[in-house]
Amino acid sequence: MTTTSLTSAAEAAQLRPVFDSDRLAAELAAVTAHTWNVQRTHTYGGQVGQPAAIDWRVLPLRSLGGDPERTDPGGPGPEPFKATRWLDHLPYLAEVLDSVPAPLNAVRLMALGPGAVSNPHCDPKYRLDRGIVRLHIPVVTDPGAVLVLDGVEHCWQPGTCWYGDFSREHLVRNTSQTVTRVHVVIDALLTADLAAWFPDSWQDLLTRGEILLNHTSPAEAPAWPGELPYEALLPSGFADFDAPAPLDGSLIPARIDRADGVLALTIAGRTFALVPADGTEFRFSGWSEQRTLQPDKDGTGLTLRVRRGRALADRHVTAAPRTP
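Here the structure is a predicted model, which means the values were calculated and not measured.

**Considerations on the nonpolar core**
Phase 1 of the analysis: Residues L61, L93, L109, I186, L190, L194 and W202 are the most contacted members of the largest nonpolar core, which totals 44 residues.
Phase 2 of the analysis: For this core, the leading source of residues is helix α2 (residues 91-99), giving 5 residues.
Phase 3 of the analysis: Y126, L247, I267 and V317 belong to the second-largest nonpolar core, a separate cluster that totals 27 residues.

This is the structure in structure tokens:
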């Protein structure tokens with residue numbers, strides 16, 4: 001069977017839902033009494049990056065640990081993504097987010113001020129073959145406020161819902177002198193139900209292409225089989241989300257344990273929360289099923305899985321001997 005290449009896909013697609021633009025805009029008044037914090041980037045080493053040098057401000061609606069001040073998109077770490085207190089002021093937008101048929105990571109209101117222009121950049125983790133997508137719902141816009149994505153200019157209209165391939169080069173530019181552009185920016189895991197929101201012209205790619213579809217996490221998390229803590233030697237690149245070959249490299253000590261009700265993996269001095277991907281595999285919280293761990297039924301071994309689109313590679317490791 002032939003597959004459809006991602007390179008043949010358009011840089012963006014309007015998704016099926018259209019939301020009430022008047023209700024979205026009206027709710028902004030509840031959260032604009034203060035100046036939003038400047039947008040920050042996130043590094044895969046777990047650090048928050050430098051603030052944006054332009055007037056590009058953020059109100060976080062979902063963030064790591066529900067931190068109401070954290071403006072970066074976050075990533076895998078010890079805390080899961082949670083709603084912030086700001087979402088309580090936006091009941092209609094909360095309904096919109098609840099309607100998205102996929103696990104959500106960061107959700108932010110992002111405001112681009114008059115005259116602001118970003119540098120061209122790429123966000124490589126938001127790729128269909130990694131199973132992570134970034135969606136936009138415009139709330140306030142202006143003809144002078146555009147997204148240039150892979151060389152194509154877009155000015156999306158309020159209430160519409162868009163997918164963009166932000167792993168391609170892009171920039172934002174607001175030449176308006178008076179209007180601040182505001183979008184809801186949603187980072188989500190691609191699921192089959194979310195794929196159904198894409199237009200008909202995309203369905204062949206989503207059915208047969210280099211796409212990673214995630215499961216919806218089960219309502220009841222499966223128990224970790226066997227005794228905890230679980231200790232083993234894992235490839236050093238498995239928790240390095242920039243590593244080109246995460247199953248290769250030297251083996252280093254790792255530990256899986258449960259603390260405060262959260263299952264977590266500690267490796268190379270960093271801790272990552274783990275959540276169920278389906279009934280047998282666990283993924284990194286804040287990441288897709290691009291990397292998962294599947295414990296043996298008796299708890300004595302562990303299969304590490306890495307997916308790129310529909311391709312799968314795995315490696316089996318065994319538990320370290322317990323000290324008497």
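**Focus: empty space enclosed by the protein**
Phase 1 of the analysis: Applying the stated criterion to the full structure yields 3 cavities of 30 Å³ or more.
Phase 2 of the analysis: Taken as a whole, the largest cavity holds about 40 Å³ of empty space.
Phase 3 of the analysis: As for the largest cavity, its lining consists of L24, E27, L28, L90, L93, L109 and V139.
Phase 4 of the analysis: Of the residues belonging to the lining of the largest cavity, the class tally is 6 nonpolar, no polar and 1 charged.

**Observations regarding the sheet that holds strand β10 (residues 152-154)**
Phase 1 of the analysis: Taken in spatial order, the 3 strands of this open sheet run β10-β9-β12, and their pairing is antiparallel. The open sheet has two edge strands with one neighbour each: β10 and β12 (170-174). Each strand axis lies, on average, 25 degrees off the axis of its neighbour in the sheet, ignoring direction.
Phase 2 of the analysis: Bridge count between strand β9 (residues 145-149) and β10: 3 bridges; the pairing is antiparallel. If you follow L147 over to β10, its bridge partner there is H154.

**Observations concerning the pairing of strand β11 (residues 160-164)**
Phase 1 of the analysis: Burial runs high along β11: 5 of the 5 residues are buried.
Phase 2 of the analysis: Residue alternation in β11 divides its side chains into two sets, T160, W162 and G164 and C161 and Y163, and both sets are buried.
Phase 3 of the analysis: By the bridge criterion, 4 bridges tie strand β1 (residues 12-18) to β11 in an arrangement that is antiparallel. Bridging from a neighbouring strand, V18 pairs with T160 of β11.
Phase 4 of the analysis: Where strand β8 (residues 132-140) meets β11, 3 bridges bridge the pair, whose relative direction is antiparallel. The partner of R134 across the bridge, within β11, is G164.

**What to know about the environment of A106**
Phase 1 of the analysis: Locating A106 in the fold gives a position in strand β7 (residues 104-112).
Phase 2 of the analysis: Assessed through its relative accessible area of 1%, A106 is described here as buried.
Phase 3 of the analysis: When the C-alpha atoms of A106 and P124 are compared, they prove to be 16 Å apart, with 18 residues separating the residues in sequence.
Phase 4 of the analysis: Discounting residues that sit within four places of it in the chain, A106 has contacts with R62, P73, F81, V185, I186 and D187.

**Re the packing of aromatic side chains**
Phase 1 of the analysis: On inspection of all chains with the given rule, the structure shows 11 aromatic pairs.
Phase 2 of the analysis: Relative to W202, the ring of Y163 has its centre 5.7 Å away and its plane inclined at 80 degrees; by these criteria the two rings are edge-to-face. Taken together, the positions of Y163 in strand β11 and W202 in the loop between α3 (192-195) and α4 (203-208) put the pair 39 residues apart, joining distant regions of the chain.
Phase 3 of the analysis: Judged by relative accessible area, W202 falls into the buried class, the value being 7%.

**Considering the pattern of salt bridges**
Phase 1 of the analysis: Evaluated as defined, the whole model comprises 17 salt bridges.
Phase 2 of the analysis: Across the salt bridge formed by R85 and E69, the nearest N and O atoms sit 3.9 Å from each other. You can see R85 sitting in the loop between β6 (81-83) and α2 and its partner E69 sitting in the loop between β5 (56-64) and β6, a full 16 residues away along the chain.
Phase 3 of the analysis: For R85, a relative accessible area of 44% corresponds to the partly exposed category.
Phase 4 of the analysis: Judged by its relative accessible area of 43%, E69 falls in the partly exposed class.
Phase 5 of the analysis: We note a salt bridge from R307 to E281, for which the minimum N-O separation is 3.1 Å. Taken together, the residues span a long stretch of sequence, with R307 in strand β20 (residues 301-308) and E281 in the loop between β17 (270-276) and β18 (282-284) at a distance of 26 residues. The residues R307 and E281 share a single accessibility class, namely buried.
Phase 6 of the analysis: Among the charged side chains, a network of salt bridges with common partners joins E281, R305, R307 and D314.

What counts, and where the lines are drawn
Residues numbered from 1 in each chain as written. Predicted model: local features only at pLDDT ≥ 70, side-chain atom pairs only at ≥ 80, totals over all residues. Heavy atoms only, no water. Core = buried A, V, L, I, M, F, W, Y, C linked by side-chain atoms within 4.5 Å. Buried < 20%, exposed > 50% of the residue type's maximum accessible area, 1.4 Å probe, protein only. Helix = DSSP H or I, 4+ residues; strand = E, 2+ residues; numbered from the N terminus. 1 Å grid on protein atoms, 1.4 Å probe; cavity = no way out; pocket = protein on both sides within 12 Å on 5 of 7 lines; lining within 4 Å. Points joined across faces, edges and corners; volume = space filled by probe spheres on them. Nonpolar A, V, L, I, M, F, W, Y, C, P; charged D, E, K, R; others polar. Pairing = 2+ DSSP bridges. Axes fitted to C-alpha atoms, helices over the stretch in contact; angles between N-to-C directions. Contact = heavy atoms within 4.5 Å. Phe/Tyr/Trp six-rings, centres within 6.5 Å; stacked < 30°, edge-to-face > 60°. Salt bridge = Lys/Arg side-chain N within 4 Å of Asp/Glu carboxyl O.

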